[in-house]
Amino acid sequence: MRAALVEARATSTSDDVPVGAVVVRDGRIIGRGRNQRELLQDPTAHAEILAITAAAAEVGHWRLERCTLYVTLEPCAMCAGAIVLARIPRVVFGAPDPKAGAAGSVMNVASDPRLNHRAVLDSGCLRDECAEVLREFFRRLRSSKGDVDADRTQG
């Protein structure tokens, strides 16, 4: 999770919400990602999607079995869907997302028993530290812009 936090903090040079993700296989990071939605003007450029794409390229296959995804914020519906489709068996996330979380907060796409794959979810890893990175970002955004869209989250 510390490596995912490094990725999240690296978004400080853009207007992207600071979320970071890493994919680990056999104790080695094989994919890294950070939110780049604003930077790339791409609605799919979430940290998890970019980390999953990098990991699949590294292993040469779309199935990311034996992998764990670490992400600083609970995945949204799009990212949870990608987790299911990539067959990632385990997801560890830091801060919950009470507005858009799809790994237990609002819905649970990642572990829905109706789907053909389910991920084991571990929440709260370095929760306070992950949440503080987000709180600081929104504090800075409010002070620089006067106000912030209350609904602005990762997704």
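Residues numbered from 1 in each chain as written. Predicted model: local features only at pLDDT ≥ 70, side-chain atom pairs only at ≥ 80, totals over all residues. Heavy atoms only, no water.

A. Representation of the side chain of E74 in the model. In this structure, E74 sits in the loop between β3 (67-73) and α4 (77-85). Buried within the structure, E74 lacks any salt-bridge partner; R127 is the closest side chain of opposite charge, at an N-O distance of 8.7 Å. Side-chain polar atoms of E74 contact the backbone nitrogen of G104, separated by 3.1 Å. (Helix = DSSP H or I, 4+ residues; strand = E, 2+ residues; numbered from the N terminus. Buried < 20%, exposed > 50% of the residue type's maximum accessible area, 1.4 Å probe, protein only. Lys, Arg positive; Asp, Glu negative; His and termini not counted. Salt bridge = Lys/Arg side-chain N within 4 Å of Asp/Glu carboxyl O. Polar contact = N/O pair within 3.5 Å; in protein donor to acceptor, adjacent residues only side chain to side chain.)

B. Region of interest: the pattern of salt bridges. In total, this model carries 13 salt bridges according to the counting rule given. D112 is the salt-bridge partner of R114, the closest N and O atoms lying 2.5 Å from each other. Put simply, E132, R135, E136, R139 and R140 are held in one network by salt bridges that share partners.

C. Region of the structure containing α4. The set of residues buried in α4 consists of C79, A80, G81, A82, I83 and V84. Elements in contact with the buried residues of α4: α3 (47-59), β3 and β4 (90-95). One or two positions beyond α4, positive phi appears at R87, with a value near 65°. (Contact = heavy atoms within 4.5 Å.)

D. Quick look at the sheet that holds strand β2 (residues 28-34). Here five strands make up an open sheet; going across it, the order is β2-β1-β3-β4-β5 and the pairing mixed. Only two strands of the sheet have a single partner each, and these edge strands are β2 and β5 (120-123). On average, each strand axis in the sheet is inclined to that of its neighbour by 15°, with strand direction left out of account. Pairing geometry for β3 and β4, over five bridges, is parallel. Residue pairing for β4: L69 is matched across the bridge by V91. In this fold helix α5 (residues 127-145) packs onto β3 and β4, with an angle of close to 60° to the strand it touches most, β4. (Pairing = 2+ DSSP bridges. Axes fitted to C-alpha atoms, helices over the stretch in contact; angles between N-to-C directions.)

E. Structural detail: unusual backbone geometry. For R66, which is not glycine, the phi torsion reads 65° and is therefore positive. Along the chain, R66 falls in the loop between α3 and β3. Of note in this structure, L126 is not a glycine but carries a positive phi near 50°. Structurally, L126 is set in the loop between β5 and α5. Since its relative accessible area comes to 27%, L126 is described here as partly exposed.

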